[in-house]
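Observations on chain architecture
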Amino acid sequence: MPTTRTASRNTLLRYWTVRYVITLSIGLLIIGISSIAWLKHEALTRRLHHVQSFAQEAAQYVTTDRGNMVVPDQFYEWIDLNQRRHKLPGQFGLTLFNQAGDILFYKSAPVKVGPSSSKGAKPAPPPYNLGKQVPSANRPDTHTSEGSSYDPAFPFPPPLEDTVIINEVDYYYQIIVPVRVHHSVIGTIAISYAKKELTDISQQYGLIISLLLLSGLLGWLILYLLLRKLTKPIHEVVQAFKRIEAGDYRLLLQEHVKEQEIYDLLVYFNVMAARLEQLEQLRAELIAGVTHELRTPITSIRGLTRAVRDQIVASSEADEFLDISLNETKRLEQMVSDLLDFNSFISGNIRIHLQAVDLGKLLSDIIHHWSLIYQDDSLVIQLDIPARTQMVYGDTGRIQQIIVNLLHNSRQAIGSNGKISISLSEYSSTHYEVQFKDNGLGIPIGEQLRIFERYYRGQNKKPAVHGLGLGLTISRMLAEAMSGTLILVESSPQGTTFQLLLSKVPENMNIVHRSNCVQ
């Protein structure tokens, strides 16, 4: 359990939701500004085209079949009707000039014109005809722009050109359309339109804001739901860790998820929980086993020595009791030695004295001495060692420890009546192979993958054989420390085969004794 308190932290859901909302808001704001600018540009382009079409229709409306320009009495009504038809917003100024530059018709509009004192304002365009202004009769200079009888946007008559002219001034646009009769320009229609009116999209602001808010809300909702789904298995893992901390290892998280990363997390958590449960079970069995294994010989030694001390047994039996006590102390010493060796491997302090070793001779000596101990048993030991010298690079004592442990395991598997075969051969250009075969009952399939685990003891060995379940574990560690390995080749009801690989002595290597500390 954590011993120190850390600063409070936001949940994964809140942390990423807040950041997503901020990022989304900034993105939507940029999109909104860009959309408004684009919509204004599109509205301006479209409306200028409509104004041009409107002016061309007006030019046709004021011309007669005789080629003259006549302003109809219903011209105002016509303008109002066609303005709605062309969907032209607001008010605009319209002036009809004849060929001489005189104003035949003028419809005013609230257009702000004239030089602007504001910074960055565009200068007014040069006059169309510097040589001729609007006639003084039609240009009451003493009036204001709102009450004048001419459009301040056109202080001079526009030129008689056969093309449409569109000019942008400070706050308005000038649209000049020629009036043609029989391919001749007999006048112009000049329209001044406020830029604010042409780019007005106020009716679409509500739609834009609604879409942006809806997009933001939908994006937040989607992220919220996704994070809820993502954090749910994480919360389950956290709760499972709390149960493990409390000592409950019997749990299994559901793995029915589609995301590969979450699936891997749950799968490996379940594997870890199962492994921790096994280790906890092994730990409990180890404590019980060590307690039992130590208590049994200690109880035996105490009882035997007390019987000898109290002279309960005769002198001949006393010697036998002392021999039994001595054997029990040796068994205690072996168990303590196994624990110390294993602890040394775990801490990286065990020393391996590497040197050139004649493996054939060493193997023969070990098996000979071991067979003398069990010469009363009906064991058949078959040894196959080539006559050629086979040198390995290892520790004599550690190799002997591995071989004796394998021999003991084979004897336990076959009892006192069976056959053990040991063969030595060249495995590869870098290793020699020692195979141990017996004709015992074999190792159950369910236990074969776990026989090298620390403290693990098979079900068949627990009631019959004393030990801590460290023999094969230590043997494999020793083999790997000498650049070799120990593996289970096969096991069946007909017998079991182990393979020990040991590294050869390199041909170009000077044979010296070395002492390595296994890390």
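Everything discussed here concerns the structure shown above.
Residues numbered from 1 in each chain as written. Predicted model: local features only at pLDDT ≥ 70, side-chain atom pairs only at ≥ 80, totals over all residues. Heavy atoms only, no water.

Quick look at the packing of aromatic side chains
By the definition in use, this model includes eleven aromatic pairs. Relative to F269, the ring of F241 lies with its centre 4.9 Å away and its plane at 80 degrees, an arrangement referred to as edge-to-face. Taken together, the positions of F241 in helix α4 (residues 202–245) and F269 in helix α5 (residues 260–309) put the pair 28 residues apart, joining distant regions of the chain. Taken together, F54, Y61, F75, Y76, W78, F92, F105 and Y193 form an aromatic cluster joined through their ring pairs. (Phe/Tyr/Trp six-rings, centres within 6.5 Å; stacked < 30°, edge-to-face > 60°. Helix = DSSP H or I, 4+ residues; strand = E, 2+ residues; numbered from the N terminus.)

A look at a negative patch on the surface
Together, E317, D319, E320 and D323 make up a negatively charged patch on the protein surface. Checked against the element boundaries, D319 lands in helix α6 (residues 315–347). (Patch = residues over 30% accessible without salt bridge, like charges linked within 9 Å, V, L, I, M, F, W, Y side chains within 5 Å. Areas by Shrake-Rupley, 256 points an atom, 1.4 Å probe, with all protein chains shown as cover. Salt bridge = Lys/Arg side-chain N within 4 Å of Asp/Glu carboxyl O. Lys, Arg positive; Asp, Glu negative; His and termini not counted. Charge placed at Lys NZ, Arg CZ, Asp CG, Glu CD.)

Considerations on the packing of helix α8 (residues 396–414) against helix α10 (residues 471–481)
In contact at an axis separation of 9 Å, α8 and α10 are set at 145 degrees when each is read in the N-to-C sense. Handedness of the crossing formed by α8 with α10: left-handed. Contact residues: α8 offers R398, Q401, I402, N405, L406 and N409, while α10 offers G471, L472, I474, S475, L478 and A479. A class-by-class count of the residues in the contact of α8 with α10 yields six nonpolar, five polar and one charged. (Axes fitted to C-alpha atoms, helices over the stretch in contact; angles between N-to-C directions. Left-handed = near helix turned anticlockwise from the far one by under 90°. Contact = heavy atoms within 4.5 Å. Nonpolar A, V, L, I, M, F, W, Y, C, P; charged D, E, K, R; others polar.)

Digging into the sheet that holds strand β11 (residues 485–492)
The strands making up a sheet associate through backbone hydrogen bonding, with each pair oriented either parallel or antiparallel. Within the open sheet, the five strands sit side by side as β7-β9-β10-β12-β11. Their pairing is mixed. The sheet is open, and its two edges are formed by β7 (378–384) and β11, each paired on a single side. Each strand of the sheet is rotated relative to its neighbour by a mean of 15 degrees, with strand direction disregarded. Note: strand β10 (residues 431–438) against strand β12 (residues 495–503), eight bridges, orientation antiparallel. Each residue of the ladder has a partner; that of Q435, found in β12, is Q499. Seen against the sheet, helix α7 (residues 359–373) touches β7, β9 (417–426), β10 and β12 and runs at an angle of roughly 175 degrees to β7. Packed onto the sheet, α8 meets β7, β9, β10, β11 and β12 and runs at close to 145 degrees relative to β9. (Pairing = 2+ DSSP bridges.)

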